[in-house]
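# Tertiary structure, described
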Amino acid sequence: MAIHLGANQYGKAENRVVRIYRDTPRHQIRDLNVSTALRGDFEDAHTTGDQSDVLPTDTQKNTAFAFAKEKGIGAIEDYALTLGAHFLDASPAAQGARVEVEEYAWDRIQVDGQGHDHSFVRTGGGVRNTVVNVEGRGTDRKTYVVSGISDLVVLKSTGSEFHGFLKDEYTTLPETNDRILATSLVARWRYDHTEVDWDKSYDEIKGLLLSRFATIHSLALQQTLYGMGSAVLEQHPEVAEIKFSAPNKHHFLVDLSPFGTENPGEVFIAADRPYGLIEATVTRDDASDAGSAWHAVPGFC
Ligand SMILES: O=c1[nH]c(=O)c2[nH]c(=O)[nH]c2[nH]1
């Protein structure tokens, strides 16, 4: 029987790196979840057990923590770019390095109208993330950055319709001109290059996604996503394409007629499962080649 090793990568997943800046009494916190992986010619490590080419996952973990102190943490994209380039340089057998970073944001706790110096409360409103892929050596080096947001839970209580859909003998869904539209949005966008003010770009794109969600009169979640994505591409030349994964968090009107009570769009049951899952990519016609930018980014079509 002929068998061979297929695609493989290895690394340390979900290093919870917390960095406190305490140079003054007014501390700052950065709270990250960092996953690293190397891919390349690691045939022997699998087939013969020879680990001489393997930079241990433990070393990768140590590096993520050491860099948090030695180099500090600026934008998560810069931290991931630095780590990715380092791992590729440190591992001659590797052809590519992948670094994924999620950031859990904290706000200062307000005490007597002032943000406290060293007490924080976890910020709501989505988790920022980035995936950096670095490949090749010397002048052949290619670097890809996909950044995004997950768990951005949004709802509009009107301004959403769904009608005119295809019907067959199993269709029972009533058409509606007024429904709740809610989702826990995952959006990831691929940058065209790395000369980007990462924090500014992220803040603006997040703001744009939220404002378009609010202002688009929705005829379907599909149309809302396309409108949100188009706005990002129109206003952010640094973005080549954007992908969405959006569970349609259904809210069903409760029938209060058995109690003789009307319910004109006021009381809903928020259904947990099942949910519609709407996924879409919005791309520039002249987008740059994605290369390995989306390598091992699950959860999108
Ligand atoms: O926005 C929606 N898109 C659909 O494809 C769909 N299908 C469905 O049953 N409800 C909805 N809502």
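Placed above this text is the structure.
Below you will find a few notes about this structure. (Residues numbered from 1 in each chain as written. Predicted model: local features only at pLDDT ≥ 70, side-chain atom pairs only at ≥ 80, totals over all residues. Heavy atoms only, no water.)

## Re the overall build of the protein
Stated formally: Working definition: helices are DSSP H or I runs of at least four residues, strands are E runs of at least two. Numbering for both runs from the N terminus. Throughout, a residue-residue contact means that at least one pair of heavy atoms, one from each residue, lies within 4.5 Å. Exposure was quantified through the Shrake-Rupley algorithm and a 1.4 Å probe, taking into account, for residues, occlusion by the shown protein chains and nothing else. For the purpose of counting charges, residues Lys and Arg are taken to be positive, whereas Asp and Glu are taken to be negative. His and the chain ends are not included. Each charge is placed at NZ for Lys, CZ for Arg, CG for Asp and CD for Glu.
In terms of helices and strands, the protein carries five helices and 12 strands. Based on the C-alpha atoms only, the size of the protein along its principal axes is roughly 75 × 65 × 40 Å. Intrachain contacts of the protein at a sequence separation of at least 6 include 66% that bridge at least 24 residues. When the accessible surface of the protein is totalled, it reaches about 16300 Å², and 52% of it is carbon and sulfur. If the 29 positive side-chain charges of the protein are averaged to one point and the 44 negative ones to another, these points end up 5 Å apart.

## Quick word on a negative patch on the surface
Threshold: To count toward a patch, a residue needs a relative accessible area over 30% and no salt bridge; like charges are then connected within 9 Å, while nonpolar side chains (Val, Leu, Ile, Met, Phe, Trp, Tyr) are connected within 5 Å. Take a side-chain nitrogen of Lys or Arg and a carboxyl oxygen of Asp or Glu: if they are within 4 Å of each other, that pair is a salt bridge. Whether a residue is buried, partly exposed or exposed follows from its accessible area with a 1.4 Å probe, protein chains only, as a fraction of its type maximum: under 20%, in between, or over 50%, in that order.
Residues Asp41, Glu43, Asp44, Asp50 and Asp53 make up a contiguous surface patch of negative charge. We classify Asp53 as partly exposed; its relative accessible area is 38%.

## Quick look at the pairing of strand β9 (residues 239-248)
Rules: A pair of strands is considered paired only if DSSP assigns at least 2 bridges between the two.
With 10 of 10 residues buried, β9 is to be regarded as a mostly interior element. In terms of strand pairing, strand β8 (residues 181-191) meets β9 through six bridges, oriented antiparallel. Following the sheet pairing, Arg190 is matched in β9 by Glu241. Two elements, β9 and strand β12 (residues 276-283), share eight bridges in a ladder whose sense is antiparallel.

## Some details on the pattern of salt bridges
Counted according to the given criterion, the structure contains 15 salt bridges. Among the ionic pairs, Asp31 bridges to Arg16, the shortest N-O distance being 2.6 Å. With Asp31 in strand β2 (residues 28-40) and Arg16 in strand β1 (residues 15-21), this residue pair connects regions lying 15 residues apart in the sequence. Judged by its relative accessible area of 3%, Asp31 is buried. Among the salt bridges present, the one from Lys61 reaches Asp58, with a minimum N-O distance of 2.8 Å. With Lys61 and Asp58 both in helix α2 (residues 57-70), this residue pair falls three residues apart, about one helical turn.

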